[in-house]
Amino acid sequence: MSDWEARQSGGSSQDGEVTVSDVQELMRRKEEIEAQIQANYDVLESQKGIGMNEPLVDSEGYPRSDVDLYQVRTARHNIICLQNDHKAVMKQVEEALHQLHAHDKQKQARDMAEAHKEAMSRKSGQSMSHSPPQGFAKVNSVSPGSPANIAGLQVDDEIVEFGSVNTQNFHSLHNISTVVQHSEGKSLNVIVIRRGEKHQLRLVPTRWAGKGLLGCNIIPLQR
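- Going by what an unreviewed UniProt entry lists, the protein chain is known as 26S proteasome non-ATPase regulatory subunit 9 and is assigned to Daubentonia madagascariensis.
- Its UniProt record gives the protein chain the following Function (unreviewed entry) comment, quoted word for word: "Acts as a chaperone during the assembly of the 26S proteasome, specifically of the base subcomplex of the PA700/19S regulatory complex (RC). During the base subcomplex assembly is part of an intermediate PSMD9:PSMC6:PSMC3 module, also known as modulator trimer complex; PSMD9 is released during the further base assembly process."
- The UniProt entry for the protein chain carries this comment under Sequence similarities (unreviewed entry): "Belongs to the proteasome subunit p27 family."

Okay, structure coming up:
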């Protein structure tokens, strides 16, 4: 039983939350099963190109002597079992992805609410003349279904913090690229200014259907 399956059946992991690592583990399991299925089909192919349905007796009803009947029966049995395993793991992948996206949306909403509450608290305790934090870069495109989209990044968001990169230490987009490359599968704290309000997001650089690990385009701001 995988770690993900253990959590789904009431294991001891915190809150039973699905992680990117869980999805990657399920995908590795899927690929292992597919490789085993192909290996068993190769066994059948080596036996006179026999498949799953060809008869194992000759025209007179006697067991065929031109193939290894034990190998054929074993390979066919293995393929049937592995195909069932493949269906099961594909269902687990679908459920894990759904839970991961749902959890990310819930966490994003909580983080945004906390950031808004913090911003209002600071605003009430500071003079109105205090200037808002200045962004060093801006988001100018976000691909649907990308990690950036899931995290809640929007076009025209001004980035104030991106992981360890902030206004004080930002020199070029290479700073952000370095953080992303070293944070694959890890949660990054991203703070943006959106229509004058600060929002705190959680972004997980991840391989997805599109290019890169983010699925968005960021340009530096000229102050």
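**Structural notes on the overall build of the protein chain**
For step 1, the next point in the chain: Looking only at helices and strands, the protein chain has five helices and six strands in total.
For step 2, the next point in the chain: Going from the N terminus to the C terminus, the protein chain shows its helices and strands as α-α-α-β-α-β-β-α-β-β-β.
For step 3, the next point in the chain: Buried positions account for 32% of the 223 residues belonging to the protein chain.
For step 4, the next point in the chain: Contacts in the protein chain between residues at least 24 apart in sequence constitute 61% of all its contacts with a sequence separation of at least 6.
For step 5, the next point in the chain: For the protein chain, the computed accessible surface area is about 13900 Å², with 50% contributed by carbon and sulfur atoms.

**With respect to helix α2 (residues 20–46)**
For step 1, the next point in the chain: Taking 1.5 Å as the rise per residue, α2 with 27 residues should run 39 Å; its terminal C-alpha atoms sit 39 Å apart, in good agreement.
For step 2, the next point in the chain: When we look at burial in α2, the residues that qualify are V20, D22, V23, L26, K30, I33, I37, N40 and L44.
For step 3, the next point in the chain: Of the residues one or two after α2, K48 is the one with positive phi, at around 60°.

**Digging into the pattern of salt bridges**
For step 1, the next point in the chain: Inspection of every chain in the model, using the stated rule, returns eight salt bridges.
For step 2, the next point in the chain: Among the ionic pairs, K138 bridges to D156, the shortest N-O distance being 3.9 Å. Taken as a pair, K138 in strand β1 (residues 137–142) and D156 in the loop between α4 (147–151) and β2 (158–162) lie far apart in primary sequence, 18 residues in all.
For step 3, the next point in the chain: The exposure class of K138 is partly exposed, given its relative accessible area of 25%.

**Re the nonpolar core**
It is characteristic of soluble globular proteins that their nonpolar side chains tend to be buried jointly.
For step 1, the next point in the chain: Core analysis: the biggest nonpolar cluster contains 22 residues, and F136, L153, I159, F162, I176, L203 and I218 have the highest contact counts within it.
For step 2, the next point in the chain: When residues of this core are traced back to their parent elements, those giving at least two are β1, α4, β2, α5 (173–181), β4 (188–194), β5 (197–203) and β6 (216–220).
For step 3, the next point in the chain: In contact with I218, not counting residues within four places along its chain, are A137, K138, V139, N140, I159, F162, L173 and I176.
For step 4, the next point in the chain: Ranked by size, the runner-up nonpolar core spans 12 residues in total, among them V23, V93, L100 and V204.

**Remarks on the side chain of K30**
For step 1, the next point in the chain: Relative to the assigned elements, K30 resides in helix α2.
For step 2, the next point in the chain: Assessed through its relative accessible area of 15%, K30 is described here as buried.
For step 3, the next point in the chain: Aside from chain neighbours lying at most four places away, what touches K30 is H86, V89 and M90.

**Examining the side chain of D157**
For step 1, the next point in the chain: Residue placement: D157 occurs in the loop between α4 and β2.
For step 2, the next point in the chain: Residue D157 is classed as buried on the basis of its relative accessible area, which comes to 0%.
For step 3, the next point in the chain: Beyond its immediate chain neighbours, meaning those up to four positions away, D157 contacts A137, K138, V139, G152, V192, I193 and R194.

**Observations regarding α5**
For step 1, the next point in the chain: Within the sequence span of α5, burial applies to I176, V179 and V180. Each buried residue of α5 lies within a common arc of 100° when the element is viewed along its axis, so the set occupies one face. Along α5, the residues that are exposed and aim more than 90 degrees away from the buried face are H174 and Q181.
For step 2, the next point in the chain: Packing partners of the buried residues in α5 comprise β2, β3 (165–166), β4 and β6.

**Brief notes about the environment of H103**
For step 1, the next point in the chain: The topology assignment puts H103 in helix α3 (residues 69–125).
For step 2, the next point in the chain: As a C-alpha pair, H103 and T19 span 84 residues in sequence and 9.3 Å in three-dimensional space.
For step 3, the next point in the chain: Every residue in contact with H103, bar those within four places of it in the chain, is listed here: E17 and R110.

The rules behind each value
- For every chain, the first residue of its written sequence is number 1, and the numbers climb from 1 along that sequence.
- Whole-chain, interface and lining totals are the exception, using all residues; otherwise, since this is a predicted model, local features are given only for residues with pLDDT of at least 70 and side-chain atom pairs are given and counted only at 80 or more.
- Remark: hydrogens and water are excluded; side-chain values derive from all non-hydrogen atoms of the structure.
- UniProt positions are given in the numbering used here, feature names are shortened, and annotations may be inferred rather than shown by experiment.
- Counting from the N terminus, the helices are DSSP H or I runs at least four residues long and the strands are E runs at least two residues long.
- For every residue, the accessible area (1.4 Å probe, protein chains only) is compared with the maximum for its type, and the residue is labelled buried under 20%, exposed over 50%, or partly exposed between those bounds.
- Contact definition: two residues touch when any of their heavy atoms are within 4.5 Å.
- Note that accessible areas follow from Shrake-Rupley with a 1.4 Å probe, and for residues the cover is restricted to the protein chains shown.
- What a helix should span is 1.5 Å times the count of its residues minus one.
- Any carboxyl oxygen of Asp or Glu within 4 Å of a side-chain nitrogen of Lys or Arg constitutes a salt bridge here.
- Take the buried residues of types Ala, Val, Leu, Ile, Met, Phe, Trp, Tyr and Cys, join any two whose side-chain atoms come within 4.5 Å, and each joined set is a nonpolar core.
- The arc in question is the one traced by the directions running from the helix axis out to the C-beta atoms.

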